[in-house]
Every structure is written in structure tokens, then in C-alpha cells.
Amino acid sequence: MADAKVIPFDDDRSRARRRPGRPEEPSGAEKGPAAVRALPGAREVPAAPDPEPVAEPLPEAERAPEGAGAGRTDWERRLAGGLAFLRRRVTGEYEVDEFGYDAELTDQVLMSLLRPLYEKYFRVEVKGVENIPEKGGALIVANHSGTLPLDGLMMQVAVHDHHPAGRHLRLLAADLVFVLPVVNELARKAGHTLACAEDAERLLRAGEVVGVMPEGFKGIGKPFSERYKLQRFGRGGFVSTALRAGVPIVPCSIVGAEEIYPMIGNAKTLARLLGLPYVPVTPTFPWLGPLGMLPLPTKWTIQFGEPIPTDSYPPEAAEDPMLMFNLTDQVREQIQHTLYKLLVQRRSVFF
């Protein structure tokens, strides 16, 4: 398979992406000379792209099965797009940035795989997504829970599908993600990168929306008895990064993830042998074997809070430990307060 073209991360070309649910719109990689042509047997379309001939009414006899004709056209378009996508994969005619982010693969494949889980299984409700800026960098800081990091993926779908400007979320992930086979490649392709200050600041300065969950393994692996109680937010490194880049901090509260795998125990000895931060014991795992790994179908709510601006601080503010402590505490308190508010408002864990 041919290698993809690597584009400079600070390339100022258009970052417009296809919106979900609109397969008829070609992505940037499909425009121009690489435009997808009609399948064999389809009605010929003029070489110069002119929408009028395509929309021209058919003769009465051909218009009789109206519904079937529309379905056939949509099917042909989807198949043509799929074949063109596969061709670009094989020939290497696609782009990734220097972090390995493959926007086309994320939009057309990874988001499509996650969307049924997001829409049908967890039935995620999104609030306040308009608090994420329409352009420029922003740092989203969220609580972390659920034993497995599905909350980060659902937050990525929420931003991708619901933001008015169709923005993409670049998550900062733990070292463990990038040492696991297959997971490493998929994480890079989806735009995730190592949770270090250098990478985060470069993404933010390039105008990207970056997501971080400061609780780390302490949050995702906490026992069920401590659900929705935020763990320590580290030393405020995310605040320092936001200050250096001069971008707003957007607090994010996620309700519903805590109950997908109720963690009632931790096999610490096995975790040490496997080199893992924990091995969870839940009411269904390991007792039901692989079936016990199926998450419970809880109802989720993701709320993005009011952004906290940082561009008014001087450059040296990033070295002020008291300021970092105060801002870190402000973000943490806002997330915790919103979690309690959402918990009071929800009717049931599952509905």
C-alpha cells in the first residue's frame, strides 16, 4: 500500500470537513481531478460539473417508480464514494498531518462506527456545544470515568456531529494507548496524541480543539462507590498549556459513563503482572466471560460549560503557581457543580 502524503501541521489550507448524514457532498480529497465518476450503467453526467442536467426531470414512464429511482441514485452515489475512498487508501492519495491524524478516515469510517453506540446505545444528549469557539484553539477539560475510556470517544463524536462549525476534537491520551497494538494506530488516525505539554501547545497554537481529562487513570479506574466524585486534577499542567497558547478553557461534564461498568473490585496482583493500572471486577466481569465486557446501556448527558478565557494574562502567568492553582480549582469546581446539577435533573440511569 502506498504511503499517504504528510502535510505540515500548521498548513493554512481549508479544514472544512463533511457533515455527518450528507454523503452526497464530496470531501476535499474527492474534488478536482480525483472526483468520483459515475458507476458503469449509470446515466452519463457531463464532464463539466453542472447540477442542472443531473436534476433534469426524467420522462413520465421513467418517473413512475419515483421512490425506487431516488433510492437507486443514492445507492449509486454511496457505492461510488466508497470505491473512490478504497482507491485512495490503496494508492496513498490521502493526507495525514505530522501527528498521524487522518481526517478522511475519521469522518467516513471511525465516526460512522462510533455513531450507533453514541446515538442508539448511550443515547447521548449534548448541551452547551456552542460554548466551544467556532474558530481558533480551545482546551476542553472533562471528567473521566467508566473503567474503559469510552467517555473520551463519545465526547469526540459530540463535538464532531453537533458543533455548528463542524469542529474536530483532538484528544490527549495516556502512554498506554500508544503501546497497545492496533489501538495505537487507530488512536493516531483519529487525531489523538500523547498527553504532553509540547504536543498540546502545538495543537492549540495551530487553532485545534484539544480535549484533556486530568483525572487520568485515577478517574477512570475509581470504585463505583466514588462515582461522580472528581479525583485530583494533577498539578495544573493543562492550565499552564492553555495560558501559554492563550486559548479558552471549556469545562465539560459527562454523566452516564460511571455506570457502564460498575467497578466493585480491582485485581491488583493481576494488574501488576500485566503491567496495567488496574484490572476491574464488575458485577458481570469476569463472571460472564467476554459477555461481561458489554457496557450497560446507560443514558448519557454531555454538557460543555462557559469558557474561561486566558488571553488576558501576560506570558509569564504560565509560571505563576498560585494562578495555576486558582484556575485549576475553578475548572474543577465548575465541572463538579455541573455533575451534581445533571445528576439531580436526570430521571433514571437508563432513561
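Not measured: the values here are computed from a predicted model.

*Asks:* Would you mind showing me how to read the overall build of the protein here?
*Replies:* Within the protein, the regular secondary structure consists of 11 helices and 11 strands. Taken across its 351 residues, the protein has 43% of its residues classed as buried. Residue pairs in contact within the protein that sit at least 24 positions apart in sequence constitute 77% of those at least 6 positions apart. For the protein, the computed accessible surface area is about 19,100 Å², with 59% contributed by carbon and sulfur atoms.

*Asks:* I'm lost on the nonpolar core in this one. Help?
*Replies:* Within soluble globular proteins, side chains that are nonpolar tend to cluster in buried spots. Membership of the largest hydrophobic core comes to 30 residues, with the highest contact counts inside it found for L139, V141, F238 and V331. For this core, the secondary structure elements donating two or more residues are strand 4 (138-142), helix 7 (197-205), strand 7 (209-212), helix 9 (237-245), strand 8 (249-255) and helix 11 (321-345). Element by element, the count of residues in this core is highest for helix 11, at 7 residues. In contact with F238, other than residues within four places in its own chain, are L139, V141, V212, P214, F233, T328 and V331. V129, I132, A158 and I260 belong to the second-largest nonpolar core, a separate cluster that totals 28 residues.

*Asks:* Where do I start with the side chain of Q336 in this structure?
*Replies:* With respect to the helices and strands, the residue Q336 is situated in helix 11. Under the relative-accessibility criterion, Q336 is labelled buried at 9%.

*Asks:* What am I meant to see in the packing of aromatic side chains here?
*Replies:* How two aromatic rings sit relative to each other is set out by the distance from centre to centre and by the angle between their planes. For the structure on display, the rule yields 3 aromatic pairs. Measuring from ring centre to ring centre gives 5.2 Å for Y121 and F122, while their planes differ by 75°; the resulting arrangement is edge-to-face. Looking at Y121, the relative accessible area reads 24%, which means it is partly exposed. Among the residues examined, F122 registers a relative accessible area of 0% and is labelled buried.

*Asks:* So what exactly am I meant to see when it comes to unusual backbone geometry here?
*Replies:* Backbone geometry follows two general trends: most residues other than glycine have a negative phi, and most peptide bonds adopt the trans configuration. The linkage connecting F285 with the following residue, P286, adopts the cis geometry, with an omega of 10°. In the Ramachandran plot, T147 falls in the positive-phi region, its phi being about 70° despite a non-glycine side chain. With respect to the secondary-structure elements, T147 resides in the loop between strand 4 and helix 5 (150-162). Judged by its relative accessible area of 6%, T147 is buried. Of note, the phi angle at Y228 is positive, near 65°, even though the residue is not glycine.

*Asks:* Help me out: how do you make sense of the pattern of salt bridges in this one?
*Replies:* Should their charged atoms come close, side chains of opposite charge can pair. Per the counting criterion, the structure on display carries 16 salt bridges. Between K222 and E258 there is a salt bridge, with the nearest N and O atoms lying 2.9 Å from each other. Placement of K222 in the loop between helix 8 (216-220) and helix 9 and of E258 in the loop between strand 8 and strand 9 (265-266) is noted, with a sequence separation of 36 residues between them. Across the salt bridge formed by E319 and R244, the nearest N and O atoms sit 2.7 Å from each other.

*Asks:* I'm lost on the packing of helix 4 (residues 103-121) against helix 5 in this one. Help?
*Replies:* Helix packing geometry: the angle between the two helix axes and the distance between the axes. Their axes nearest at 10 Å, the elements helix 4 and helix 5 cross at an angle of 110°. As far as their axial angle goes, helix 5 and helix 4 are roughly perpendicular. Counted together, D107, M111, L114, R115, L117, Y118 and E119 of helix 4 and L153, M154, Q156, V157, A158, H160, D161 and H162 of helix 5 form the full contact between these two elements. Residues belonging to the contact of helix 4 with helix 5 are distributed by class as follows: 8 nonpolar, 3 polar and 4 charged.

*Asks:* Before we go on, may I ask you to explain empty space enclosed by the protein in this structure?
*Replies:* One simple way to see leftover space: roll a probe sized like a water molecule over the atoms. Tallying each qualifying case throughout the model produces 1 cavity of 30 Å³ or more. Its volume calculated, the largest cavity comes out at about 60 Å³.

*Asks:* Help me out: how do you make sense of a nonpolar patch on the surface in this one?
*Replies:* Among the surface-exposed residues, W75, L79, L83 and L86 lie close enough to one another that they form a single nonpolar patch of about 410 Å² accessible area. With respect to the secondary-structure elements, W75 resides in helix 3 (residues 66-91). Its relative accessible area of 53% is what places W75 among the exposed residues.

*Asks:* Looking at this structure, I do not really get the sheet that holds strand 5 (residues 169-173). What am I missing?
*Replies:* Pairing between the strands of a sheet is mediated by backbone hydrogen bonds and can be parallel or antiparallel. Pairing in this open sheet of 7 strands is mixed, and the strands run 3-11-8-4-7-5-6 from one edge to the other. Taken across any chain shown, the strands that pair with only one partner, and hence form the sheet edges, are strand 3 (125-127) and strand 6 (193-194). As defined by bridge partners, strand 3 adjoins strand 11 (residues 301-304) across 3 bridges and the pair is classed as parallel. Bridge pairing in strand 11 links E125 to T301.

*Asks:* Whenever I open this one, the pairing of strand 11 confuses me. Can you help?
*Replies:* Along a regular strand, successive side chains alternate from one face of the sheet to the other. Two elements, strand 8 and strand 11, share 4 bridges in a ladder whose sense is antiparallel. Along strand 11, the bridge assignment pairs I254 with I302.

*Asks:* In this structure, what is going on with helix 11? I would like to understand it.
*Replies:* The periodicity of an α-helix, 3.6 residues per turn, causes residues three or four places apart in sequence to face the same way. In a regular helix each residue adds 1.5 Å, so 25 residues correspond to 36 Å; helix 11 covers 36 Å between its end C-alpha atoms and thus fits that length. Within helix 11, burial applies to L323, M324, L327, T328, V331, I335, Q336, T338, L339 and L342. Buried residues belonging to helix 11 abut strand 3, strand 4, helix 9, strand 8 and strand 11.

*Asks:* Is there a simple way to think about the confidence of the model for the protein in this case?
*Replies:* Do not read the fine detail of predicted coordinates wherever pLDDT is low. Across the protein, the average pLDDT comes to 83, with 79% of residues at 70 or higher. Note on residues 12-70: pLDDT under 50 across the span, and 55 contacts to partners over four residues away in sequence or across chains.

Criteria and cut-off values
Residues numbered from 1 in each chain as written. Predicted model: local features only at pLDDT ≥ 70, side-chain atom pairs only at ≥ 80, totals over all residues. Heavy atoms only, no water. Helix = DSSP H or I, 4+ residues; strand = E, 2+ residues; numbered from the N terminus. Buried < 20%, exposed > 50% of the residue type's maximum accessible area, 1.4 Å probe, protein only. Contact = heavy atoms within 4.5 Å. Areas by Shrake-Rupley, 256 points an atom, 1.4 Å probe, with all protein chains shown as cover. Core = buried A, V, L, I, M, F, W, Y, C linked by side-chain atoms within 4.5 Å. Phe/Tyr/Trp six-rings, centres within 6.5 Å; stacked < 30°, edge-to-face > 60°. Salt bridge = Lys/Arg side-chain N within 4 Å of Asp/Glu carboxyl O. Axes fitted to C-alpha atoms, helices over the stretch in contact; angles between N-to-C directions. Parallel < 35°, antiparallel > 145°, perpendicular 65-115°, else oblique. Nonpolar A, V, L, I, M, F, W, Y, C, P; charged D, E, K, R; others polar. 1 Å grid on protein atoms, 1.4 Å probe; cavity = no way out; pocket = protein on both sides within 12 Å on 5 of 7 lines; lining within 4 Å. Points joined across faces, edges and corners; volume = space filled by probe spheres on them. Patch = residues over 30% accessible without salt bridge, like charges linked within 9 Å, V, L, I, M, F, W, Y side chains within 5 Å. Pairing = 2+ DSSP bridges. Expected span 1.5 Å × (residues − 1). pLDDT = per-residue confidence, 0-100.

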